[in-house]
Amino acid sequence: MTHKTKTTITKKLATVTEAIAIAPVEPTQADKDAKTALLIVSLAVNMFILTAWIALQVTTVYDYQVAAFLFAR
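Analysis parameters
- Residues numbered from 1 in each chain as written.
- Predicted model: local features only at pLDDT ≥ 70, side-chain atom pairs only at ≥ 80, totals over all residues.
- Heavy atoms only, no water.
- Helix = DSSP H or I, 4+ residues; strand = E, 2+ residues; numbered from the N terminus.
- Areas by Shrake-Rupley, 256 points an atom, 1.4 Å probe, with all protein chains shown as cover.
- Axes fitted to C-alpha atoms, helices over the stretch in contact; angles between N-to-C directions.
- Parallel < 35°, antiparallel > 145°, perpendicular 65-115°, else oblique.
- Left-handed = near helix turned anticlockwise from the far one by under 90°.
- Contact = heavy atoms within 4.5 Å.
- Nonpolar A, V, L, I, M, F, W, Y, C, P; charged D, E, K, R; others polar.
- Phe/Tyr/Trp six-rings, centres within 6.5 Å; stacked < 30°, edge-to-face > 60°.
- Buried < 20%, exposed > 50% of the residue type's maximum accessible area, 1.4 Å probe, protein only.
- Patch = residues over 30% accessible without salt bridge, like charges linked within 9 Å, V, L, I, M, F, W, Y side chains within 5 Å.
- Salt bridge = Lys/Arg side-chain N within 4 Å of Asp/Glu carboxyl O.
- pLDDT = per-residue confidence, 0-100.

Asker: I keep staring at the overall build of the protein chain and nothing clicks. Help me out?
Answerer: For the protein chain, the count of helices and strands is three helices and zero strands. When the accessible surface of the protein chain is summed, it comes to about 7,000 Å², and 70% of that surface belongs to carbon and sulfur atoms.

Asker: I tried to follow the packing of helix α2 (residues 29–58) against helix α3 (residues 63–70) on my own but got confused; where do I start?
Answerer: Describing two packed helices takes the angle between their axes plus the distance from one axis to the other. At a closest axis distance of 9 Å, the pairing of α2 and α3 adopts a crossing angle of 150°. Relative to α3, α2 is oriented roughly antiparallel. Judged by the twist between their axes, the crossing of α2 over α3 is left-handed. From α2, F48, A52 and L56 reach across to α3, where they touch D63, V66, A67, F69 and L70. Tallied by class, the residues present in the contact of α2 with α3 amount to seven nonpolar, no polar and one charged.

Asker: So what exactly am I meant to see when it comes to the packing of aromatic side chains here?
Answerer: By convention here, two paired aromatic rings are described through the distance between centres and the angle between planes. Within this structure, the stated rule accounts for one aromatic pair. A ring pair is formed by F48 and F69, whose centres lie 6.0 Å apart and whose planes are at 70°; its orientation type is edge-to-face. Taken together, the residues F48 in helix α2 and F69 in helix α3 connect sequence positions 21 residues apart. The class for F69 is exposed, based on a relative accessible area of 59%.

Asker: Sorry, what's going on with a nonpolar patch on the surface here?
Answerer: A cluster of nonpolar side chains, namely V41, V45, F48, I49, F69, L70 and F71, defines an oily patch on the protein surface of about 720 Å² accessible area. Of all the elements in the fold, those that place two or more residues in the nonpolar patch are α2 and α3. No other element matches the four residues that α2 contributes to the nonpolar patch. If you trace the backbone, L70 turns up in helix α3.

Asker: Would you explain the confidence of the model for the protein chain in this entry?
Answerer: Atom-level detail of predicted coordinates should not be read off regions where pLDDT is low. Per-residue confidence for the protein chain gives a mean pLDDT of 78, with 67% of residues at or over 70. For the protein chain, per-element mean pLDDT is lowest for helix α1 (residues 3–19), which scores 59, and highest for α2, which scores 92.

Asker: Mind showing me how you'd approach the environment of A55 here?
Answerer: Mapped onto the elements of the fold, A55 is located in helix α2. In sequence terms A55 and V66 are 11 residues apart; their C-alpha atoms lie 7.9 Å from each other.

So this is what it looks like as structure tokens:
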């Protein structure tokens, strides 16, 4: 290959690279809604587990009932 051919290929490659550069994509409203829904479900599950754990730690009256509810087969 000659120097001129290499230069032409390099310029074409640079042009193609610039043409296919990926622009940052903004998340759609559906993406934001899905993320929010997932976070809400996660928060609800975590709050349920925390509440059950506190109930088991504070009193011994409900130990069997709470344990049976959480770990039922």
